[in-house]
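# Notes for the structure review
Given next are the chains, with one letter for each unit.
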Amino acid sequence: MTHSARRIGRTLAFVLPVVLVLSGTLAVARVPWATSPETQALTASSETASAPATSRTPQDILRDKLLVELQKKDPGIALTHLQREIEARPSLAKHCMAIARALGRAAVQHYGPTRAQSFSRPVCDTSFAYGVSQQAATS
């Protein structure tokens, strides 16, 4: 008797999750067997649905925060905060040069090349100055 019960239990343990997944999938999705234009593959994929959220990396968040700060205050303050963030979170150090270059390019757009260069500091191997020169050359 125990052998039969064990075999039935194993079968249910295998079949039950499959049935639950399939029934859940069919509850939210319609399979477009017909080629009619009003058939949707998923009921949640409508034209009014928002775009899926993308996860942002810490360096992207920091760069965006510093770019806003550059616009509101000045590049010197943004560079100081960049240096403090790098010291507080060493994992961001490998992104420091890219962030400083982005700040340099944004400073040229906002302040012009001469004034932007006056904010230059030796943060992240003078990447800010490199970003300023890059943007000034393309402007």
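Going by the structure above, here's the rest.
Here's a quick rundown of the structure. If you're wondering where the values come from, they're calculated on a predicted model, not measured in any experiment. (Residues numbered from 1 in each chain as written. Predicted model: local features only at pLDDT ≥ 70, side-chain atom pairs only at ≥ 80, totals over all residues. Heavy atoms only, no water.)

This part covers the packing of helix α3 (residues 75-88) against helix α4 (residues 96-111). The description of two packed helices rests on the angle between their axes and on the distance between the axes. Two elements in contact, α3 and α4, have axes separated by 11 Å at closest approach and are oriented at 170°. Classed by the angle they form, the pair α3 and α4 counts as roughly antiparallel. Residues Pro75, Ala78, Leu79, Leu82 and Ile86 of α3 touch α4, and the partners they reach there are Cys96, Ile99, Ala100, Leu103, Ala107 and Tyr111. When its residues are assigned to classes, the contact of α3 with α4 shows 11 nonpolar, no polar and no charged. (Axes fitted to C-alpha atoms, helices over the stretch in contact; angles between N-to-C directions. Helix = DSSP H or I, 4+ residues; strand = E, 2+ residues; numbered from the N terminus. Parallel < 35°, antiparallel > 145°, perpendicular 65-115°, else oblique. Contact = heavy atoms within 4.5 Å. Nonpolar A, V, L, I, M, F, W, Y, C, P; charged D, E, K, R; others polar.)

So, on to the packing of aromatic side chains. For the coordinates displayed, the defined rule picks out 1 aromatic pair. Ring centres of Tyr111 and Phe119 lie 5.5 Å apart, and the angle between their planes is 50°; on these two criteria the pair is classed as tilted. Using a relative accessible area of 15% as the deciding quantity, one classes Phe119 as buried. (Phe/Tyr/Trp six-rings, centres within 6.5 Å; stacked < 30°, edge-to-face > 60°. Buried < 20%, exposed > 50% of the residue type's maximum accessible area, 1.4 Å probe, protein only.)

Assignment of secondary structure puts Ser127 in helix α6 (residues 127-138). Discounting residues that sit within four places of it in the chain, Ser127 has contacts with Met97, Ala100 and Arg101.

What follows is about the nonpolar core. Core analysis: the largest hydrophobic core is formed by 22 residues, its most contacted members being Leu66, Leu70, Leu82, Leu103 and Phe128. Elements supplying a minimum of two residues to this core: α2 (58-72), α3, α4 and α6. Sort the elements by how many residues they give to this core and α4 lands first, with 8 residues. Beyond its immediate chain neighbours, meaning those up to four positions away, Leu66 contacts Ala78, His81, Leu82, Ile99 and Leu103. (Core = buried A, V, L, I, M, F, W, Y, C linked by side-chain atoms within 4.5 Å.)

Attention now moves to α2. In a regular helix each residue adds 1.5 Å, so 15 residues correspond to 21 Å; α2 covers 21 Å between its end C-alpha atoms and thus fits that length. Among all positions of α2, only Gln59, Leu62, Leu66, Glu69 and Leu70 are buried. For α2, the angular spread of buried residues about the axis comes to 100°, placing them on one side. Against the buried residues of α2 lie α3 and α4. (Expected span 1.5 Å × (residues − 1). Arc of directions from axis to C-beta.)

Below, the discussion takes up the pattern of salt bridges. Under the definition given, this model contains 5 salt bridges. Residue Arg89 is joined to Glu85 by a salt bridge in which the shortest nitrogen-to-oxygen separation is 3.5 Å. For Glu85, a relative accessible area of 21% corresponds to the partly exposed category. A network of salt bridges, in which partner residues are shared, links Arg56, Asp60, Arg63 and Asp64. (Salt bridge = Lys/Arg side-chain N within 4 Å of Asp/Glu carboxyl O.)

Just geometry here; none of it tells us what the structure is for.
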